[in-house]
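Architecture at a glance
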Amino acid sequence: MALIINELCVNCFACEPLCPNKAIYEAKPHFLINPDLCTECLGDHDAPQCAEICPIECAIEDEFGDPLNPPGSLTGIPLQMLQAEVEASVRART
Amino acid sequence: MELPVLSPAEPAAKSGCSSSSCGSSNDQMTGLPAHILAKVQDHPCYSEDAHHYFARMHVAVAPACNIQCHYCNRKYDCANESRPGVVSELLTPVQAVKKTIAVAANIPQMSVLGIAGPGDPLANPERTFETFRMLSEQAPDIKLCVSTNGLSLPDCVDELAKHNIDHVTITINCVDPEVGEKIYPWIFWQNRRIKGREAAEILIERQQLGLSMLIERGILVKVNSVMIPGVNDQHLAEVSRVVKSKGAFLHNVMPLISEPEHGTFYGLTGQRGPTQDELNDLQDACSGDMNMMRHCRQCRADAVGLLGEDRGEEFTLDKIENMEIDYAAAMVVRAELRADVIAELESKRAAKAAKQNVVSLVSLSSAPALRPVKMAVATAGGGVINQHFGHAKEFLVYEASAQGVRFLSHRKADQYCAGDTSCGDGESVLGMTIKALEGCEVVLCSKIGFEPWGMLETAGIQPNGEHAMEPIEDAIAAVYAEMQAAGKLLVQPAHQLKSA
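When its secondary structure is counted, chain A shows 2 helices and 4 strands. Out of the 94 residues in chain A, the part that is buried amounts to 30%. By sequence separation, contacts in chain A at least 24 residues apart represent 44% of the contacts at least 6 residues apart.

This is the structure we're talking about:
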């Protein structure tokens, strides 16, 4: 078992020094977790440290692809507003 | 009628800010003890006098943060937006030192290097302190300062003192957890994410502890507060009293910046920022107890130059790579410039003290009912009215009253964001400028076009190009006297009555 950092990562470095296994490393285009080293902090902390400090919702997933910080859980922004924002940013890119 | 100028006119400001009395309460500097004055006299963010002459820069080495604020979006990478917490490129400590030295050699007025983000500098202690350590060795003539949300501050105070950092800014938006839980959705504390009231309680306790620890060590503390109408606006006068009683020497109340396109909680949920009048009123309310800062430009975490300008584009990583720097030679130039400016500032302070002893020329008893009037000024520098209305990127707002003329604030005409294609809202630049001048009855400029003239008049703002090249305070006093002669100062203007 290991956690995954996905493309939503903003490269803020917050998680990297917290990992008890030094499994997190800087990479392009975003930070990554070495799955061979990640223990999801079992035995070290009550909760995975990267997911505890990560400010970006959905940027850290478990092995099933489920986000540890689902939409709205960190910012408190209501879901329908988040959805509208995502659509606006997609429109801006196309 | 002749009005006294509440702050002395100063010739030829050489800076991005051109007001001659641009800053905080009139006696911001005169009220300070000598040992503090000596520390801040060349710090643009701590001294309103200094900011006309000395520049600052921020290096973006600190991306991580340990709290979330509802006015912040952690997707911090934006080239267009000019607001705190946003940067174009992150630097390593080695790159930051190289950039700082390049700027210091090319802009000898650059007296201060700050680390302000884009996250929290003290949540990145290794990167922040590595930068400070190298700079104090390689460029000992640069003042170092740091800003923080305060959560990690008590753990870092000794390290800060070791690096000879004598200025720290703490952002304190509340001293009451009930207010705090509406501003901070979570903090990361002792290996856990903590939400709600408990998060606010811990953060407030750490901020207050850190403040006291800094004061004990003789480190100067400025407190920044973001004014959020309906959330902490009624509470900030209390914050001002508390932080002053603990020894903070300057309070900077800044307006919330909140637009939906910033993607913040406040932006998306429609939380508005304060109007300029609300901000000024609160600053006035706090100023009875505390030195207030009014010249803050809420700059980016990678800003370079005098307050109100950003020369970061001249010092990108690829550009500094090719610069040959002889820092020993640069230090000589920097020291000479600093000595010259400080001598000039000292002579001005002496002149100001002498002027304040002169009896006011206005007979207050003859004009008891005159109402104050706000006027905006377009100026490109030098303390005179010398800019075309359409070229002004910011306006200086003054208040004229029977007591004299005083500087109130800067107002941006380009509204924080120049990236019109990505985040414009369709409003014309002219319309936004007129909105920015809300509350002003007169706008003084060197020239103005036909179309904006008409639009300003419709909005209840009288354009005035008759005082081109005159000193700002003298021109405002003259216009105020004309308004009095025309009987305009005894009644409220029509557009204000409507909104009242």
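So, next bit.
This part covers the overall build of chain B. If you tally the helices and strands in chain B, you get 16 helices and 15 strands. Counting only residues that meet the buried cut, chain B has 50% of its 500 residues in that class. Put simply, of all contacts in chain B between residues at least 6 apart along the chain, 73% involve residues at least 24 apart.

So, about the domain arrangement of chain B. Segmenting chain B into domains produces domain 1 (34-321) and domain 2 (364-499). The centre of domain 1 of chain B, based on its C-alpha atoms, is set 30 Å off from the matching centre of domain 2 of chain B.

On to unusual backbone geometry. All names here are of chain A. Note that the residue after Lys28, namely Pro29, is joined by a cis bond; omega there is 0°. Here Pro29 lies in the loop between β2 (24-25) and β3 (32-33). A positive phi angle is found at Asn11, which is not glycine, with a value near 60°. Locating Asn11 in the fold gives a position in the loop between β1 (4-5) and β2. Looking at Asn11, the number of C-beta atoms within 10 Å reads 17, which means it is partly exposed. Not every positive phi belongs to a glycine, and Cys41 is a case in point at roughly 70°. With respect to the helices and strands, the residue Cys41 is situated in the loop between β3 and α1 (49-53). Owing to 21 C-beta atoms within 10 Å, Cys41 belongs among the buried residues under this scheme.

Let us now look at the sheet that holds strand β5 (residues 167-171) of chain B. Residue and element names in this part refer to chain B. Pairing is mixed across the open sheet formed by 7 strands, whose spatial order is β9-β8-β5-β4-β3-β1-β10. Looking at which strands have only one partner, the edges of the open sheet turn out to be β9 (250-255) and β10 (304-305). In this sheet, strand β4 (residues 143-148) lies alongside strand β3 (residues 110-115) in parallel orientation, the contact comprising 4 bridges. Paired with Val112 across the two strands is Lys143, which belongs to β4. Docked against the sheet, helix α6 (residues 196-216) engages β5 and β8 (220-227), running at close to 165° with respect to β5.

If you want to describe how two helices pack, look at the angle between their axes and the distance between the axes. Residue and element names in this part refer to chain B. The N-to-C vectors of helix α4 (residues 153-162) and α6 enclose an angle of 20°; their axes lie 8 Å apart at closest approach. Comparing their axes, α6 and α4 come out roughly parallel. Where α4 crosses over α6, the handedness of that crossing is right-handed. Here α4 contributes Leu153, Pro154 and Val157 to the contact with α6, which in turn contributes Arg206, Leu209, Gly210, Met213 and Leu214. Residue composition of the contact of α4 with α6, by class: 6 nonpolar, 1 polar and 1 charged.

A word on the pairing of β5(B). Residue and element names in this part refer to chain B. β5 sits mainly inside the fold: 5 of its 5 residues count as buried. Of the two faces of β5, the one lined by His167, Thr169 and Thr171 and the one lined by Val168 and Ile170 are each fully buried. Relative to β5, β4 runs parallel, the two being bridged by 4 bridges. Paired with Ser147 across the bridge in β5 is Thr169. Where β5 meets β8, 5 bridges bridge the pair, whose relative direction is parallel.

By size, the foremost hydrophobic cluster in this structure holds 120 residues, and its most contacted members are A:Cys50, A:Cys54, B:Val168 and B:Val221. Looking at which element gives the most residues to this core, the answer is helix α2 (residues 93-106) of chain B, with 7 residues. Those residues within four positions of A:Cys54 in sequence are excluded, and the remaining contacts are A:Ala14, A:Cys15, A:Ala59, A:Ile60 and A:Asn69. Core analysis: the second largest hydrophobic core is formed by 35 residues, B:Val397, B:Val443, B:Ile461 and B:Ala475 among them.

On to the interface of chain B and chain A, then. Tallying the contact residues gives 21 residues for chain B and 19 residues for chain A. Mapped onto the side of chain B that touches chain A, the elements with two or more residues apiece are β6 (186-189), β7 (192-195) and α8 (265-268) of chain B. A class-by-class count of the residues in the side of chain B that touches chain A yields 9 nonpolar, 8 polar and 4 charged.

In this section: the environment of B:Ile107. Residues and elements named next belong to chain B. By the secondary structure assignment, Ile107 is in the loop between α2 and β3. A sequence separation of 53 residues divides Ile107 from Phe54, and the C-alpha atoms of the two residues are 9.4 Å apart. Setting aside its immediate chain neighbours within four residues, Ile107 contacts Ala55 and Gly305.

Let's shift gears to the sheet that holds β7(B). In space, the 3 strands of this open sheet follow the order β2-β6-β7 (chain B), with antiparallel pairing throughout. Taken across any chain shown, the strands that pair with only one partner, and hence form the sheet edges, are β2 (67-68) and β7 of chain B.

Turning to the packing of α2(B) against helix α3 (residues 125-138) of chain B, a few remarks are in order. Residues and elements named next belong to chain B. The geometry of α2 relative to α3 is characterised by a closest axis approach of 9 Å and an angle of 40° between their N-to-C directions. Considered as vectors, α2 and α3 are oriented oblique to each other. Of the two possible hands of crossing, α2 and α3 adopt the one that is right-handed. Where α2 approaches α3, its residues Pro93, Ala96, Val97, Thr100 and Ile101 are matched on the opposing element by Arg127, Glu130, Thr131, Met134, Leu135 and Gln138.

In this section: the confidence of the model for chain B. All names here are of chain B. When pLDDT is averaged across chain B, the result is 83; 83% of the residues are at 70 or more. This model gives residues 357-367 a pLDDT under 50, and the stretch forms 9 contacts once residues within four places in sequence are excluded. Low pLDDT, under 50, characterises residues 415-426; the predicted model gives this stretch 14 contacts beyond four residues in sequence or across chains. Across the interfaces of the predicted complex, the ipTM metric reaches 0.93, alongside a pTM of 0.78.

With that settled, the discussion passes to the environment of B:Lys244. Within the secondary structure, B:Lys244 is located in helix α7 (residues 236-246). As for B:Lys244 and B:Thr379, which are separated by 135 residues in sequence, their C-alpha atoms are 35 Å apart.

Here we take up α3(B). Side chains that are three or four residues apart share a direction in an α-helix, a result of its 3.6 residues per turn. With 14 residues, α3(B) ought to run about 20 Å at 1.5 Å a step, and its terminal C-alpha atoms sit 20 Å apart, in line with that. Within the span of α3(B), buried status applies to B:Arg127, B:Thr128, B:Phe129, B:Thr131, B:Phe132 and B:Leu135.

So, on to the pairing of strand β13 (residues 404-412) of chain B. Residue and element names in this part refer to chain B. Here strand β12 (residues 394-401) runs beside β13; their pairing, made up of 8 bridges, is antiparallel. Within β13, the position partnered with Glu399 by the bridge is Arg406. Between β12 and β13, which pair antiparallel one after the other, the connecting turn spans 2 residues.

Parameters at a glance
- Residues numbered from 1 in each chain as written.
- Chains lettered and ligands numbered in written order.
- Predicted model: local features only at pLDDT ≥ 70, side-chain atom pairs only at ≥ 80, totals over all residues.
- Helix = DSSP H or I, 4+ residues; strand = E, 2+ residues; numbered from the N terminus.
- Buried ≥ 20, exposed ≤ 12 C-beta atoms within 10 Å, placed from the backbone.
- Contact = placed C-beta atoms within 7 Å.
- Domains from an automatic or database assignment.
- Pairing = 2+ DSSP bridges.
- Axes fitted to C-alpha atoms, helices over the stretch in contact; angles between N-to-C directions.
- Parallel < 35°, antiparallel > 145°, perpendicular 65-115°, else oblique.
- Left-handed = near helix turned anticlockwise from the far one by under 90°.
- Nonpolar A, V, L, I, M, F, W, Y, C, P; charged D, E, K, R; others polar.
- Core = buried A, V, L, I, M, F, W, Y, C linked by C-beta atoms within 7 Å.
- pLDDT = per-residue confidence, 0-100.
- Expected span 1.5 Å × (residues − 1).

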